[in-house]
Number of protein chains: 2
Amino acid sequence: MRLTRAGEYAVRCVLYLARRGPGALVSRKEVAEEADIPGQFLAKIAQQLARQGIIEIMQGAGGGYRLSTDPDRITMLEVIETIIGEIALNDCVLRPGSCGNSDICAVHRVWGEAQARLRDHLNGVTFADLLAEEERLRG
Amino acid sequence: MRLTRAGEYAVRCVLYLARRGPGALVSRKEVAEEADIPGQFLAKIAQQLARQGIIEIMQGAGGGYRLSTDPDRITMLEVIETIIGEIALNDCVLRPGSCGNSDICAVHRVWGEAQARLRDHLNGVTFADLLAEEERLRG
DNA sequence: ACAAATAAGATATGTTTAGTCTTATATCAA
DNA sequence: TTGATATAAGACTAAACATATCTTATTTGT
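Residues numbered from 1 in each chain as written. Chains lettered and ligands numbered in written order. Predicted model: local features only at pLDDT ≥ 70, side-chain atom pairs only at ≥ 80, totals over all residues. Heavy atoms only, no water.

Inspection of the entire model under this criterion finds 16 salt bridges over all chains. Glu133 of chain A is paired through a salt bridge with Arg136 of chain A; the nearest N and O atoms lie 3.4 Å apart. Within this pair, Glu133 of chain A and its partner Arg136 of chain A are both found in helix α7 (residues 127–138), separated by three residues, close to a single helical turn. Across the pair Glu81 of chain B and Arg119 of chain B runs a salt bridge, and its minimum N-O distance is 2.8 Å. On the criterion of sequence distance, the pair formed by Glu81 of chain B in helix α4 (residues 76–84) and Arg119 of chain B in helix α6 (residues 106–123) is long-range, its members being 38 residues apart. Within this structure, Arg109 of chain A together with Glu133 and Arg136 of chain B form a network of salt bridges that share partners. (Salt bridge = Lys/Arg side-chain N within 4 Å of Asp/Glu carboxyl O. Helix = DSSP H or I, 4+ residues; strand = E, 2+ residues; numbered from the N terminus.)

What follows concerns the relation of the copies chain B and chain A. Mapping chain B onto chain A leaves a residual RMSD of 0.1 Å; the transformation is a rotation of 180 degrees accompanied by 0.0 Å of translation along its axis. Classification of the inter-copy transformation places it as that of a two-fold axis. (Least-squares fit on C-alpha atoms with pLDDT ≥ 70 in both.)

The next subject is the protein's contact with DNA strand C. Around DNA strand C sit 23 residues in total, of which Arg28, Lys44, Ile57 and Gln59 of chain A together with Gln59 of chain B are the nearest. Counted by atom, the contact set of DNA strand C within 4 Å of the protein is 71% sugar and phosphate. Residue Gln47 of chain A places a side-chain N or O atom 3.3 Å away from a phosphate oxygen belonging to DNA strand C. A distance of 3.2 Å separates a phosphate oxygen of DNA strand C from a polar atom in the side chain of Tyr9 of chain B. Counting only elements with at least two residues in the surface near DNA strand C, the list comes to α3 (39–51) and β1 (55–58) of chain A together with α1 (5–19) and α3 (39–51) of chain B. Within the surface near DNA strand C, the residues separate by chemical class into eight nonpolar, 11 polar and four charged. (Near = heavy atom within 4 Å. Polar contact = N/O pair within 3.5 Å; in protein donor to acceptor, adjacent residues only side chain to side chain. Nonpolar A, V, L, I, M, F, W, Y, C, P; charged D, E, K, R; others polar.)

Counting residues in each nonpolar core, the largest one holds 90 residues, and the members touching the most others are Leu49 and Met76 of chain A together with Leu49 and Met76 of chain B. In this structure Met76 of chain B touches Val107, Val110 and Trp111 of chain A together with Leu122, Val125, Phe127 and Leu130 of chain B, once residues within four positions along its chain are discounted. (Core = buried A, V, L, I, M, F, W, Y, C linked by side-chain atoms within 4.5 Å. Buried < 20%, exposed > 50% of the residue type's maximum accessible area, 1.4 Å probe, protein only. Contact = heavy atoms within 4.5 Å.)

All names here are of chain B. With respect to the secondary-structure elements, Thr126 resides in the loop between α6 and α7 (127–138). In terms of polar contacts, Thr126 uses its side chain to reach the backbone amide nitrogen of Ala128, at 3.3 Å. Ignoring any residue separated from it by four or fewer positions in sequence, one finds Thr126 in contact with Pro71, Asp72, Ile74 and Thr75.

Quick look at the interface of chain B and chain A now. Residue-level contacts link 31 residues of chain B with 31 residues of chain A. Buried surface at the junction of chain B and chain A, summed over both partners, amounts to about 2800 Å²; 71% is from carbon and sulfur atoms. Among the residues chain B hides against chain A, the three largest losses belong to Trp111, His121 and Leu137 of chain B. Together they make up 20% of the total. In this structure, the connection of chain B to chain A is made through two salt bridges. Of the charged contacts, one joins Glu133 of chain A and Arg109 of chain B as a salt bridge, the two residues approaching to 3.5 Å between their closest N and O atoms. Summed over the shared surface of chain B and chain A, the result is one residue pair in polar contact (both at pLDDT 80 or more). (Buried area = accessible area lost by both parts, 1.4 Å probe.)

Listed below in C-alpha cells is the structure:
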C-alpha cells in the first residue's frame, strides 16, 4: 500500500472537522485553508468521503462539510481505505490470482499477516483518539 | 511504503537462490526463467543486492549469482529495503521536516508506530523461515 | 434574480515504475 | 589469443499513477 497525498488530505480533513466539533458545518474554503489542502482537490476527496458516509456535504450558499457521526466511530483505516482502496502491501495478497502459486507461496503468507496486522492497528485508532492525543501533546 | 515489482522480484530471486542451496552458483538466465523475472531487470536488482552484500555476482562465462550467507541470516526486511529504501508508510514519518507540525501531530505518531511494527514483523522473517514454510505447505 | 457554494467531467503535468537497448567489461575454454 | 558466454552500467522509453487545475453545471439561501 501507500499513503498517497490524497489519503493524507482525507485524514487532515476529517481531523479538522472533528476538531471543530461533531455538528459543525464548515465551508470547503475553511477546511482547505486551515488544513492546507488544495481547494479543488479537497472537493474530490470530500465527495469520496461523503459517498462512504463519513461526512455530509451541504450544497449551495452557506454550505460545507460536516461529520456524519461522532469522531469515536470513525477510524483511520476507514478514512484511508475510502480514498486509496483496501490497504495491500503487495499485489498477490490483494488479488490471489496475480500470484501464480499463491497456494504454495510462503511469501504470500507473510505479506497477508503483515497486512492484517497493519489494518488491525489502523482500525483501532479513531479520530476521537487523535483528538485526545492532540490535547495531550499540546497540554 | 509500497512493495514495487522490483521488490517482489528481489524476494523471489533470493528465495530461489536459497532453494538451490546456500553455496550454489546460479546463472541469471536460470533465476530469471525459474523465478519469472525479466532478465535485464533482474540484472539491475541483483546488482543492488550484491552492493548490499546479500548475494555475490560472478562475472564472465560460467558466472551467475550466489547467496553471500546462510538463508537464516537474511531477512525479508533487509531484501526489500535494499530495493525500495526504508519502508515508510507516509512521507512525514520518514522525513519529519515534511510535516510542518510533526511535533504536535497525533497522526504522525500513529504512522510511526504502525511503521515500526511492520518493519519489526518483516525483520523477524528470514529466508530460512520461508523455505521451511514452503516445505510445510508442499508436504 | 443573484450570489455563494459544491458537483462533475475533461484536461494537463509531473513523477515513478517497469522495462528495454546499447555498449563495455570480465571470464573461461579451446 | 580468439571466440563464446556472461554480467555491468548508463541511457532511454512507455505506461501508469498521482496531483492537481479548469470549466461548466447545479444547488441553495437571501
